[in-house]
Amino acid sequence: MSKAKTTLTCLVGLLSILGIVFTISFLIRGGANEGFAEYPTVTNLHVIPGLIYLALAPLQFLGPIRDRYRNYHRWSGRLLAGIGLILGGAALFIALVFPYSGIAEQIIVGAFAAFFLIAIIKGVQSARARHYGEHREWMLRAFAIGLSIVTMRLIFIPILVAIGNPTREIAELYSIVSFTIAFCIHSLFAELWIRFTRRRTGSK
């Protein structure tokens, strides 16, 4: 169990760092979706809070920090919940109003963005009710979805490099394929981890 937690911590840390790098790169270079320039406020409400979320959210799941610095965990959690609602709402707007990959993105990314928001709301409600086991599980689900954008890029970018000079249609296709794979992998792993640790810890 300890080895699995150490491995997972290192993996999450690596993905978070990569996510921060990708986000800074986006802020400098911009993205391929023309809607980003048309709706700069919405884009910034997604990207900048996303940067903060990727930097701080992993610390919420580290036992030594959570147990030793309870006030930090509590106030950071409140901040991250608010940030998560902002970036998740912006992500939902982007997916529905100016999706890069058309209707497929509206359906797939829109559904996962909505679930991200639901998971945060359920997590906050559980914490207020002092159902800390449920709180942990809902926040794990939200974080897994939020972190999946990094895995999406780790799938999507190598595909584009391998193709060489893809058309817009090909790029749109592989964008949504990469999103779908990343969302499914992260969601599945989150559920497996929740069930594995629930049995081990006895949390309800």
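Residues numbered from 1 in each chain as written. Predicted model: local features only at pLDDT ≥ 70, side-chain atom pairs only at ≥ 80, totals over all residues. Heavy atoms only, no water.

**Focus on the overall build of the protein chain**
Logical step 1: Secondary structure summary: the protein chain contains eight helices and zero strands in total.
Logical step 2: Its helices and strands taken in sequence order, the protein chain reads α-α-α-α-α-α-α-α from the N to the C terminus.
Logical step 3: Relative to the compact-globule value of 17 Å for 204 residues, the protein chain shows a C-alpha radius of gyration of 17 Å, a close match.
Logical step 4: With the principal axes as the frame, the protein chain shows a C-alpha extent of 50 × 35 × 30 Å.
Logical step 5: Within the protein chain, the fraction of its 204 residues that count as buried is 38%.
Logical step 6: Once local pairs closer than 6 in sequence are excluded, the contacts in the protein chain between residues at least 24 apart make up 72%. (Helix = DSSP H or I, 4+ residues; strand = E, 2+ residues; numbered from the N terminus. Rg over C-alpha atoms; globule rule 2.2 N^0.38 Å. Buried < 20%, exposed > 50% of the residue type's maximum accessible area, 1.4 Å probe, protein only. Contact = heavy atoms within 4.5 Å.)

**Looking at the environment of leucine 117**
Logical step 1: Looking at the element boundaries, leucine 117 is found in helix α6 (residues 103–128).
Logical step 2: Residue class for leucine 117 comes out buried when judged on its relative accessible area of 15%.
Logical step 3: Sequence spacing of leucine 117 and serine 2 is 115 residues, and the spatial spacing of their C-alpha atoms is 31 Å.
Logical step 4: Those residues within four positions of leucine 117 in sequence are excluded, and the remaining contacts are Gly84, Leu85, Gly88, Gly89 and Leu92.

**Remarks on the nonpolar core**
Logical step 1: Among the nonpolar cores identified, the biggest contains 33 residues, and Tyr53, Phe116 and Leu147 are the most heavily contacted of them.
Logical step 2: For this core, the elements supplying multiple residues, two or more each, are α1 (2–29), α3 (40–56), α5 (70–97), α6, α7 (132–163) and α8 (168–201).
Logical step 3: The biggest single contributor to this core is α7, with nine residues.
Logical step 4: Those residues in contact with phenylalanine 116 that lie beyond four places of it in its chain are Tyr53, Gly84, Leu87, Gly88, Ala142, Ile145 and Gly146. (Core = buried A, V, L, I, M, F, W, Y, C linked by side-chain atoms within 4.5 Å.)

**Remarks on a nonpolar patch on the surface**
Logical step 1: On the surface, Ile163, Ile170, Leu173, Val177, Ile181 and Ile185 cluster together into a nonpolar patch covering about 440 Å² of accessible area.
Logical step 2: Take the nonpolar patch: its biggest share by element is five residues, from α8. (Patch = residues over 30% accessible without salt bridge, like charges linked within 9 Å, V, L, I, M, F, W, Y side chains within 5 Å. Areas by Shrake-Rupley, 256 points an atom, 1.4 Å probe, with all protein chains shown as cover. Salt bridge = Lys/Arg side-chain N within 4 Å of Asp/Glu carboxyl O.)

**A word on the packing of α6 against α7**
Logical step 1: Two elements in contact, α6 and α7, have axes whose closest approach is 8 Å; the angle formed by their N-to-C orientations is 155°. Taken as axis vectors, α6 and α7 run roughly antiparallel relative to one another. Two packed elements cross with a definite hand, and for α6 against α7 that hand is left-handed. Across the interface between the two elements, Phe112, Phe115, Phe116, Ala119, Ile120, Lys122, Gly123, Val124, Ser126 and Ala127 of α6 pack against Tyr132, Glu134, His135, Trp138, Met139, Arg141, Ala142, Ile145 and Gly146 of α7.
Logical step 2: For the contact of α6 with α7, the residue count by class is 12 nonpolar, four polar and three charged. (Axes fitted to C-alpha atoms, helices over the stretch in contact; angles between N-to-C directions. Parallel < 35°, antiparallel > 145°, perpendicular 65-115°, else oblique. Left-handed = near helix turned anticlockwise from the far one by under 90°. Nonpolar A, V, L, I, M, F, W, Y, C, P; charged D, E, K, R; others polar.)

**A word on a positive patch on the surface**
Logical step 1: A cluster of basic residues, Arg70, Arg74, Arg78, Arg128 and Arg130, forms a positive patch at the surface.
Logical step 2: On the secondary structure map, arginine 130 appears in the loop between α6 and α7. (Lys, Arg positive; Asp, Glu negative; His and termini not counted. Charge placed at Lys NZ, Arg CZ, Asp CG, Glu CD.)

**Structural notes on unusual backbone geometry**
Logical step 1: At arginine 130, a position not held by glycine, the phi torsion is positive, near 65°.
Logical step 2: Classification of arginine 130 as exposed rests on a relative accessible area of 63%.

**So, the packing of α3 against α5**
For any two helices packed against each other, one specifies the crossing angle of their axes together with the interaxial distance.
Logical step 1: Following both chains from N to C, one finds α3 and α5 inclined at 145°, their axes separated by 8 Å at the closest point. The two elements α3 and α5 cross, and the hand of that crossing is left-handed. The residues of α5 that touch α3, namely those facing Val42, Leu45, His46, Pro49, Gly50, Ile52, Tyr53 and Leu56, are Tyr72, Leu79, Leu80, Ile83, Ile86, Leu87, Ala90, Ala91, Phe93 and Ile94.
Logical step 2: Along the lines of polarity and charge, the residues of the contact of α3 with α5 split into 16 nonpolar, two polar and no charged.

**Side note on the environment of threonine 23**
Logical step 1: If you trace the backbone, threonine 23 turns up in helix α1.
Logical step 2: According to the relative accessible area criterion, threonine 23 is buried, its value standing at 9%.
Logical step 3: Separated by 25 residues in sequence, threonine 23 and isoleucine 48 place their C-alpha atoms 8.1 Å apart.
Logical step 4: For threonine 23, the contacting residues outside a window of four places in its chain are Val47, Leu51 and Leu54.

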